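Chain residues, written in single-letter form:
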Amino acid sequence: ATAAKAPVKKNPKVANVSVQLEMKALWDEFNQLGTEMIVTKAGRTRMFPTFQVKIFGMDPMADYMLLMDFVPVDDKRYRQVPPSPYAFHSSSWLVAGKADPATPGRVHYHPDSPAKGAQWMKQIVSFDKLKLTNNLLDDNGHIILNSMHRYQPRFHVVYVDPRKDSEKYAEENFKTFVFEETRFTAVTAYQNHRITQLKIASNPFAKGFRDCDPEDWPRNHRPGALPLMSAFARSRNPVSSPAHQNGTEKDAAESRRELEREAAGGPALLPAEAAHQQLMSRVLSPALPGAGGG
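The shown structure was predicted, so the numbers you read here are calculated from the model rather than taken from an experiment. (Residues numbered from 1 in each chain as written. Predicted model: local features only at pLDDT ≥ 70, side-chain atom pairs only at ≥ 80, totals over all residues. Heavy atoms only, no water.)

This next bit is on the overall build of the protein. The helix and strand tally for the protein stands at eight helices and 15 strands. Here the protein has roughly 14,200 Å² of accessible surface; of this, 53% comes from carbon and sulfur atoms. (Helix = DSSP H or I, 4+ residues; strand = E, 2+ residues; numbered from the N terminus. Areas by Shrake-Rupley, 256 points an atom, 1.4 Å probe, with all protein chains shown as cover.)

Right, here's the structure in full:
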């Protein structure tokens, strides 16, 4: 029997880093119902709840990159079983077969990366620009997922090692965090009406839906409607994130439009620039776990 590989001792720059999931109570509430996230061909949809974290233990003067990827929870494809007329709330997910072929692995870099540890730790870090698609030919850099499959988001903190031979230490320079309550099923239309209602009730941009009668909701929102490192740089098609748009009103309007699109059925992620690619090739290594599930 081959000896198990000894765990890699992490660089002190990341060894002491800890992460707290924001809005954990809301994530728990969704998780108890079976979280669903909308994916569209156009990749217009952002995650809700938004993945947000508070970070502790960084070196204030060191540079870090923050990124996310999504791995399948298992090798299965699912289908929703409608509730019986006698037990309206008894709908459930059943295995429908083996998973579809894996989608192209992609990584979403936080648009402020790289930045000093002091900057990351002084405020909540939000991945509110991350968008999901089920278009296998997407060329906008969105995260590609298979509909009716379950996924686990992963959050990675990468220390930007200034040493010229930093690739030798790539395994030491990152730390991965997984919050199981953020697991979800990718869908093209919400399958569980309680998920729909919870999203409307808790999304700050859904006021228009909350103020009207449920019968006036778009059809797919009515109750009962079915409607990390050179591996990242090379095989996972890394992309940079869009610059923040100016103006909260513009962001609010776009978020409202996205919610309306979800009920009925942005800025595109830009390809990484050459300088960014060079930086990533030094920072990242094949050590990061792949997307092979869990």
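This paragraph deals with the side chain of Thr50. By the secondary structure assignment, Thr50 is in the loop between strand 3 (45-46) and strand 4 (52-56). Thr50 gets classed as buried once you look at its relative accessible area, which sits at 14%. If near-sequence neighbours (up to four positions away) are discounted, Thr50 is found in contact with Met23, Trp27, Ser126, Phe127 and Asp128. (Buried < 20%, exposed > 50% of the residue type's maximum accessible area, 1.4 Å probe, protein only. Contact = heavy atoms within 4.5 Å.)

Take the pattern of salt bridges next. Tallying each qualifying case throughout the model produces 11 salt bridges. Measuring nitrogen to oxygen at the nearest pair gives 2.4 Å for the salt bridge that ties Asp59 to Lys13. A residue pair is termed long-range when its members are at least 10 positions apart, and Asp59 in the loop between strand 4 and strand 5 (63-72) and Lys13 in helix 1 (residues 12-15) qualify at 46 residues. Look at Asp59 and you get partly exposed, because its relative accessible area is 23%. By relative accessible area, Lys13 is classed as partly exposed at 26%. (Salt bridge = Lys/Arg side-chain N within 4 Å of Asp/Glu carboxyl O.)

Strand order across the open sheet formed by three strands is 3-11-12, with mixed pairing between neighbours. Each edge of the open sheet carries a strand with a single partner, namely strand 3 and strand 12 (143-144). Summarising the sheet, strand 3 and strand 11 (residues 131-133) pair through two bridges and their orientation is antiparallel. Paired with Arg46 across the bridge in strand 11 is Lys131. (Pairing = 2+ DSSP bridges.)

Turning our eyes to something else, we now look at the sheet that holds strand 10 (residues 125-126). Reading across the sheet, the three strands line up as 1-4-10 and stay open at both edges, with antiparallel pairing between neighbours. A strand with exactly one partner marks an edge of an open sheet, and here the two such strands are strand 1 (18-21) and strand 10. As paired elements, strand 4 and strand 10 share two bridges and run antiparallel to each other. The partner of Val53 across the bridge, within strand 10, is Val125.

So, on to helix 4 (residues 193-202). The complete set of buried residues in helix 4 reads His193, Ile195, Thr196, Leu198, Lys199 and Ile200. Of the residues flanking the start of helix 4, the one acting as N-cap is Asn192, its side-chain oxygen 2.9 Å from the backbone nitrogen of Arg194. (Polar contact = N/O pair within 3.5 Å; in protein donor to acceptor, adjacent residues only side chain to side chain.)

This part is about the confidence of the model for the protein. Overall, the predicted model of the protein reaches an average pLDDT of 77, with 64% of residues at or above 70. Ranking the elements of the protein by mean pLDDT puts helix 6 (residues 229-235) last with 43 and strand 4 first with 98. In this model residues 265-276 is a low-confidence stretch, pLDDT under 50, and it forms 31 contacts with partners more than four residues away in sequence or in other chains. Across residues 290-294, confidence stays below pLDDT 50; counting only partners more than four residues off in sequence or on other chains, it has nine contacts. (pLDDT = per-residue confidence, 0-100.)

Counting residues in each nonpolar core, the largest one holds 33 residues, and the members touching the most others are Ile55, Leu66, Phe70, Leu132, Leu145, Phe155 and Phe184. Looking at this core, the elements with two or more residues in it are strand 1, strand 4, strand 5, strand 13 (150-159) and strand 15 (184-187). Once residues lying within four places of it in the same chain are set aside, the contact partners of Phe184 are Thr35, Met37, Met47, Phe70, Leu132, Leu145, His149, Arg150, Tyr151 and Pro153. In terms of nonpolar packing, the next biggest core, distinct from the first, is built from nine residues, Phe30, Phe48, Met148 and Ile195 among them. (Core = buried A, V, L, I, M, F, W, Y, C linked by side-chain atoms within 4.5 Å.)

Okay, helix 2 (residues 24-33) next. Along helix 2, the residues that are buried comprise Leu26, Trp27 and Phe30. One side of helix 2 carries all its buried residues, which in axial view fall inside an arc of 100°. Residues of helix 2 that are exposed and point more than 90 degrees away from the buried face comprise Ala25 and Gln32. Elements that come into contact with the buried residues of helix 2 comprise strand 1, strand 2 (36-38) and helix 4. (Arc of directions from axis to C-beta.)

Summarising burial for strand 4: four of the five residues are buried, a large majority. Looking at chain direction, strand 1 and strand 4 are connected through four bridges and run antiparallel. In the strand pairing of strand 4, Val19 is matched with Ile55.

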